[in-house]
Amino acid sequence: FYEPVGGGFLPGLISTGPPTKWYAHSHLVNLSLRKHGTAGVVKKLEARNKRDEKKRMKEEEAEQARQRLMTAASTSTADGAAAA
């Protein structure tokens with residue numbers, strides 16, 4: 001996942017079972033800062049927040065559209081039952 005930066009690897013925690021690597025959060029933060037610099041990390045976090053906001057907006061729009069369809073379907077069903 002991460003390549004060695006500055007001649008070192010991230011220290012991983014060893015466990016039993018299939019090969020899985022677990023990293024301490026502080027090690028990942030330090031690696032990101034070394035690899036991208038403070039400005040690069042800030043830029044990446046801003047881009048991530050923007051993507052997350054767009055995703056939330058799309059989910060909200062989809063939920064609103066679903067609600068409109070449900071309302072339209074129940075209204076048309078009620079109109080059909082009243083006409084019969």
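Above this text is the structure in question.
On to the overall build of the protein chain. Secondary structure assignment for the protein chain yields one helix and zero strands. The buried share of the protein chain, taken over its 84 residues, is 6%. Counting every atom, the protein chain has about 7400 Å² of accessible surface; 60% of that belongs to carbon and sulfur.

Tallied over the full model, the rule gives two salt bridges. For the salt bridge of Glu53 with Arg56, the shortest nitrogen-to-oxygen distance reads 3.0 Å. One end of the pair is Glu53 and the other is Arg56, both in helix α1 (residues 25-83) and three residues apart, which spans about a single turn. Given the relative accessible area of 38%, Glu53 is considered partly exposed. According to the relative accessible area criterion, Arg56 is partly exposed, its value standing at 41%. The salt bridge partner of Arg66 is Glu63, with a shortest N-O separation of 2.8 Å.

Attention now goes to a positive patch on the surface. Taken together, the side chains of Lys35, Lys43, Lys44, Arg48 and Arg51 make up a positively charged region of the molecular surface. You can see Arg48 is positioned in helix α1. The exposure class of Arg48 is partly exposed, given its relative accessible area of 49%.

Reading guide: rules and limits
- Residues numbered from 1 in each chain as written.
- Predicted model: local features only at pLDDT ≥ 70, side-chain atom pairs only at ≥ 80, totals over all residues.
- Heavy atoms only, no water.
- Helix = DSSP H or I, 4+ residues; strand = E, 2+ residues; numbered from the N terminus.
- Buried < 20%, exposed > 50% of the residue type's maximum accessible area, 1.4 Å probe, protein only.
- Areas by Shrake-Rupley, 256 points an atom, 1.4 Å probe, with all protein chains shown as cover.
- Salt bridge = Lys/Arg side-chain N within 4 Å of Asp/Glu carboxyl O.
- Patch = residues over 30% accessible without salt bridge, like charges linked within 9 Å, V, L, I, M, F, W, Y side chains within 5 Å.
- Lys, Arg positive; Asp, Glu negative; His and termini not counted.
- Charge placed at Lys NZ, Arg CZ, Asp CG, Glu CD.

Purely spatial values, then, with no claim about function.
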